[in-house]
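Structural features, examined
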Amino acid sequence: MASCFIGRLRCSRRICGFSGTPIMTVRTRFAPSPTGFLHIGGARTALFSWAFARRHGGTFILRIEDTDVARSTPAAVQAILDGMRWLGLAHDEGPFYQMQRMDRYKVVIGQMLEAGTAYHCYTPTEELDALREAQRSRGEKPRYDGRWRPESGKVLPTPPVGVPPVVRFRNPQSGVVAWNDQVKGRVEFANAELDDLVIARADGTPTYNFCVVVDDWDMGITHVIRGDDHVNNTPRQVNILKALGATVPTYAHLSMILGDDGQKLSKRHGAVSVMQYDEDGFLPEAVLNYLARLGWSHGDEEVFTMAQFVEWFDLDHITSSAAQFNTEKLLWLNQHFLKQADDSGLAAETKRRLEAQGISTAGGPDLLKVVALYKDRAATLKELADAVHPLYAEVHASSELRAQHLTEAARAALATLCERLVDIAWEKTAIGPAIKETAIAAGLKMPQVAMPLRVILLGQAQTPSIDAIIEVMGRELVLDRLKRGLA
RNA sequence: GACCCUAUCGUCUAGAGGCCUAGGACAAUACCCUUUCACGGUAUGAACCCGGGUUCGAAUCCCGGUGGGGUCGCCA
């Protein structure tokens, strides 16, 4: 299985690679570590990687970076998969799991050891900690001092017996590593700033920076689109790639997304699963549209479909500074998509949400018509379900509301209206005038009748147009609630 | 502390030296519509971090400062 996988990837790289003018087939990847849910920042990274591949007719790969055995969980893998599916970001290859590629990493490490681009280091963790602390107290950047790094003419310490070594990458000590970042421009690091990072732990398992390199190489990744927090890993990865003789991919580092309050998002503060947005009644297309505009732009375009996004998406218009998440705008977008959404889909979703609360819509007002009547007034599916709730459940108007609107005059007028409603043509074009006429006859203004009607029928003062509400509720339910409300 | 990134309305952003009296969107405010609340419509207020250069001309280029962020693990 594993060898077949590697073989296939090699093959695809050959296709993109060699002939005089290489026609590069775009291959991007999203590579989350399964230590938690898919949050909004990860979702945007995934979206951009996906869109870039789609834009160029390329391949989008999903890779699960699960080498941190202690923190990775199958539940988190599932959460990521669920989030991606909800967003509709389908991958073309994968998901690949790094834990299943151990053999391959070990082969490469062996090759590097042999080639002298990596070496064994026996320094105990405690000594490393002490070293870092000393460096820090001297105001230096903490880093490995190269005590086990082989140099010509240098005498290495004698390896202690019974101590398994880690493997370190032999990073160049002079010169610079630079790349042309697609969002940040040229980024340059002095090799002197870098130290010899551990690429394999004492137990033999490879570490993140190494696995990424081997995977990006094997999988023929052409464009690495990832979070800003990886900028400092990039020079190390580039150096390893070069030591391996691999082609260095193009990098694009996305700046981070801040919370609504301008603070950085973390598990402890503000970061929520994309599935929470589903729960809260957001439409995936709204979330996607919002995320697309957070850090990327296409002139003044604010609302667009994913098809348009894919057509327009480019790396040139990605913002290089951090963006603050704005729930208000997401809400506005969601409302926009909600208004355009197909009524039957909304009805099904509303039914599901009501049933989750133990409320049945069977035998009640036609949900399709109800939803059509209410959808302009809700920003989320949750709000829609909540708004529609009184049509299907017992209604209890607060005594304040009743006291405010159910005056004696109003009660009398409603009693009259009740009689008229018994045999009136059941459509709002007849119901509306009937209410008006009743009000006039009673010497009342329209709101003096409409408001108490709202309170009795739905238990609240804010509802859609009262004639439309009455029509959609149906004669039986309206008369029943009126009689009981007036009793 | 060191290194790296970053800086236009409250927020997301347009802006590639003259099209900028800085545009759009969300939010805000006012008015219109109206049967309440929304929706919708119209209008208004609101920004180039600071200081130096370069240039005939800078929001745009360069340098410095300041603010914000990231990274310095046998985590990813």
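No experiment lies behind these values; they were computed from the predicted model shown.

Only one face of strand β6 (residues 176–181) is covered, namely the face carrying V177, W179 and D181; the face carrying V176, A178 and N180 is uncovered. By the bridge criterion, six bridges tie β6 to strand β7 (residues 185–190) in an arrangement that is antiparallel. Paired with V177 across the strands is F189, a residue of β7. Counting the residues that bridge the hairpin from β6 to β7 gives three residues.

Once that is clear, we can look at the confidence of the model for chain A. On average, residues of chain A score 89 in pLDDT, and 95% of them are at 70 or above. Every residue in residues 1–22 scores below 50 in pLDDT, and together they form 23 contacts with partners more than four places removed in sequence or on other chains.

Glancing now at helix α19 (residues 466–473). Count 3.6 residues to each turn of an α-helix, and residues three or four apart come out pointing the same way. Of all the eight residues making up α19, seven are buried; the element is thus mostly covered by neighbouring parts of the structure. The complete set of buried residues in α19 reads I466, D467, A468, I469, I470, V472 and M473. Its buried side turned inward, α19 meets α13 (367–374), α17 (428–441), α18 (446–458) and α20 (475–486). One or two steps after α19, the chain reaches G474, where phi turns positive at roughly 95°.

Moving on, we get to the layout of surface pockets. The volume enclosed by the largest pocket comes to roughly 1,300 Å³. Taken together, 39 residues line the largest pocket, and the ones lying closest to its centre are S33, H39, G42, D229 and H230. Broken down by secondary-structure element, the contributors of at least two residues to the lining of the largest pocket are β1 (27–30), α2 (40–55) and β9 (223–227). With five residues, the top contributor of residues to the lining of the largest pocket is α2. Residue composition of the lining of the largest pocket, by class: 14 nonpolar, 14 polar and 11 charged.

The next thing to look at is the pairing of strand β10 (residues 250–254). A large share of β10 lies buried, amounting to four of its five residues. Taken together, the five bridges between β9 and β10 define a ladder with parallel strand orientation. Counted as the bridge partner of R226 is H253 from β10. Read from β9 through helix α7 (residues 234–243) to β10, the crossover connection turns out right-handed.

Once that is clear, we can look at the protein's contact with RNA strand B. Within the structure, RNA strand B sits among 63 residues, and D68, R201, K264, R377 and T463 are positioned closest to it. Of all RNA strand B atoms lying within 4 Å of any protein atom, the proportion belonging to sugar or phosphate reaches 70%. Residue D68 places a side-chain N or O atom 2.4 Å away from a sugar or linking oxygen belonging to RNA strand B. Between RNA strand B and T463 there is a distance of 2.5 Å, counted from a base nitrogen to a backbone nitrogen or oxygen. Elements represented by at least two residues in the surface near RNA strand B include exactly α5 (125–137), β7, β12 (323–324), α11 (327–340), α18 and α19.

The contact between α18 and α20 brings their axes to 8 Å, and the two run at 100°. By the criterion of interaxial angle, the relationship of α18 to α20 is roughly perpendicular. Judged by residue contacts, L453, I456, L457 and L458 of α18 engage V478, R481, L482, G485 and L486 from α20. For the contact of α18 with α20, the class distribution of residues is seven nonpolar, one polar and one charged.

An order of β4-β5-β8 is seen for the three strands of this open sheet, with the pairing classed as antiparallel. Unpaired on one side and paired on the other, β4 (118–121) and β8 (198–200) mark the two borders of the sheet. In this sheet, adjacent strand axes meet at a mean angle of 45° when their direction is disregarded. Pairing of strand β5 (residues 166–169) with β8, which is carried by two bridges, proceeds in the antiparallel orientation.

What follows is about the state of the cysteines. For the structure shown, the criterion picks out zero disulfides. In this model C211 remains outside any disulfide bridge; the closest cysteine sulfur is found in C121, 19 Å from its own.

Turning our attention to the nonpolar core. By size, the foremost hydrophobic cluster in this structure holds 94 residues, and its most contacted members are L47, F309, L453 and L457. With nine residues, the top contributor of residues to this core is α2. When sequence neighbours within four positions are dropped, the list of residues in contact with L47 reads L89, L288, L291, A292, M306 and F309. Membership of the second largest hydrophobic core comes to 33 residues, among which are I61, V167, F210 and V213.

What counts as what
Residues numbered from 1 in each chain as written. Chains lettered and ligands numbered in written order. Predicted model: local features only at pLDDT ≥ 70, side-chain atom pairs only at ≥ 80, totals over all residues. Heavy atoms only, no water. Buried < 20%, exposed > 50% of the residue type's maximum accessible area, 1.4 Å probe, protein only. Helix = DSSP H or I, 4+ residues; strand = E, 2+ residues; numbered from the N terminus. Pairing = 2+ DSSP bridges. pLDDT = per-residue confidence, 0-100. Contact = heavy atoms within 4.5 Å. 1 Å grid on protein atoms, 1.4 Å probe; cavity = no way out; pocket = protein on both sides within 12 Å on 5 of 7 lines; lining within 4 Å. Points joined across faces, edges and corners; volume = space filled by probe spheres on them. Nonpolar A, V, L, I, M, F, W, Y, C, P; charged D, E, K, R; others polar. Right-handed = clockwise from strand over helix to strand, strands pointing away. Near = heavy atom within 4 Å. Polar contact = N/O pair within 3.5 Å; in protein donor to acceptor, adjacent residues only side chain to side chain. Axes fitted to C-alpha atoms, helices over the stretch in contact; angles between N-to-C directions. Parallel < 35°, antiparallel > 145°, perpendicular 65-115°, else oblique. Disulfide = S-S within 2.5 Å. Core = buried A, V, L, I, M, F, W, Y, C linked by side-chain atoms within 4.5 Å.

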